[in-house]
Amino acid sequence: MFDISVQTQTGLVQVFYGDGRGKTSAAMGEVWQAVSQGLRVCAVFFMKGKRREAEYNILEKLQVEYTVFGRSGFLSSADTQAEDSKLCRQALEFAEGQIRSGKWDLVVLDEINNAQYYGFIQARDILKLLSAKPVGTSLILTGKVVDKAVAEEVNLIDECCKVKHPYDRGILARQGIDF
């Protein structure tokens with residue numbers, strides 16, 4: 001039998017990645033679990049502006065602290081700007097401060113892996129965050145890809161794999177369901 005008190009004292013690092021839906025949703029599920037148990041949670045959004053109101057609305061209702069570092073609108077490789085790099089660097093510095101503070105049981109780093117994929121931050125920056133993590137703090141990293149060196153250092157990796165998607169048939173994202 002496992003000793004629950006030991007389990008809750010050890011913070012783990014989880015990654016939700018892939019080309020399918022559900023990465024941020026999985027992270028938010030973990031947030032809901034943590035909040036329901038009285039844990040202190042912080043979320044840092046890389047590369048997402050205020051357009052994704054559903055995520056932010058629920059965090060506000062749950063009284064979870066979050067900070068957004070991104071332009072409004074959908075970011076793709078075709079429309080990256082110098083501002084995106086600057087915002088990702090700011091998010092990284094902010095996230096490091098939150099992680100090092102030790103005041104959080106769970107810190108979500110949403111889309112941090114995409115920030116690395118687009119070259120706005122480096123894998124070594126993410127590894128630095130992982131090494132700054134206090135023993136009792138858990139981290140969640142999301143994004144479409146995960147760097148091999150980062151993958152070696154985390155405790156759990158779940159892949160969200162697209163098999164079929166309505167967008168492929170011209171059905172756009174639906175408010176309240178997809179965002």
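Our structure is the block above this text.
In this text the structure is predicted, and so the values were computed from the model without any measurement.

Conventions used here
- Residues numbered from 1 in each chain as written.
- Predicted model: local features only at pLDDT ≥ 70, side-chain atom pairs only at ≥ 80, totals over all residues.
- Heavy atoms only, no water.
- Helix = DSSP H or I, 4+ residues; strand = E, 2+ residues; numbered from the N terminus.
- Buried < 20%, exposed > 50% of the residue type's maximum accessible area, 1.4 Å probe, protein only.
- Pairing = 2+ DSSP bridges.
- Axes fitted to C-alpha atoms, helices over the stretch in contact; angles between N-to-C directions.
- Contact = heavy atoms within 4.5 Å.
- Salt bridge = Lys/Arg side-chain N within 4 Å of Asp/Glu carboxyl O.

(A) Here's a closer look at unusual backbone geometry. With a phi close to 65 degrees, Met47 is a non-glycine residue in the positive phi region. With respect to the element layout, Met47 can be found in the loop between strand 2 (41–46) and helix 3 (53–61). You can call Met47 buried: its relative accessible area is 13%. Even without glycine at this site, Glu111 takes up a positive phi of about 70 degrees.

(B) Fine view of the sheet that holds strand 1 (residues 13–17). Ordered by their spatial adjacency, 6 strands build an open sheet running 3-2-4-5-1-6, and the pairing between neighbours is parallel. Edge positions in the open sheet fall to strand 3 (65–69) and strand 6 (156–159), since each of these has one partner strand only. Going from strand to strand, the sheet's axes swing by 10 degrees on average, the running direction of each strand aside. With 5 bridges joining them, strand 2 and strand 4 (residues 106–110) adopt parallel strand pairing. Bridge pairing in strand 4 links Ala43 to Val108. Where helix 6 (residues 123–132) meets the sheet, it contacts strand 1, strand 4 and strand 5 (138–143), and its direction lies at approximately 160 degrees from that of strand 5.

(C) Inspection of the pattern of salt bridges at higher detail. Applying the stated criterion across every chain yields a total of 9 salt bridges. Between Glu111 and Lys48 there is a salt bridge, and its shortest N-O distance comes to 3.6 Å. Remark: Lys48 occurs in the loop between strand 2 and helix 3 and Glu111 occurs in the loop between strand 4 and helix 5 (112–117); sequence separation between them is 63 residues. For the pair Glu111 and Lys48, a shared accessibility class is recorded, and that class is buried. Measuring nitrogen to oxygen at the nearest pair gives 2.7 Å for the salt bridge that ties Arg71 to Asp84. Taken together, the positions of Arg71 in the loop between strand 3 and helix 4 (82–101) and Asp84 in helix 4 put the pair 13 residues apart, joining distant regions of the chain. In terms of burial, Arg71 and Asp84 fall into one category: buried.

(D) Expanded view of the environment of Leu156. Mapping Leu156 onto the fold places it in strand 6. It is 8.5 Å that separates the C-alpha atoms of Leu156 and Phe16, two residues lying 140 residues apart in sequence. Residues in contact with Leu156, not counting those within four places in the same chain, are Val13, Gln14, Val15 and Phe16.

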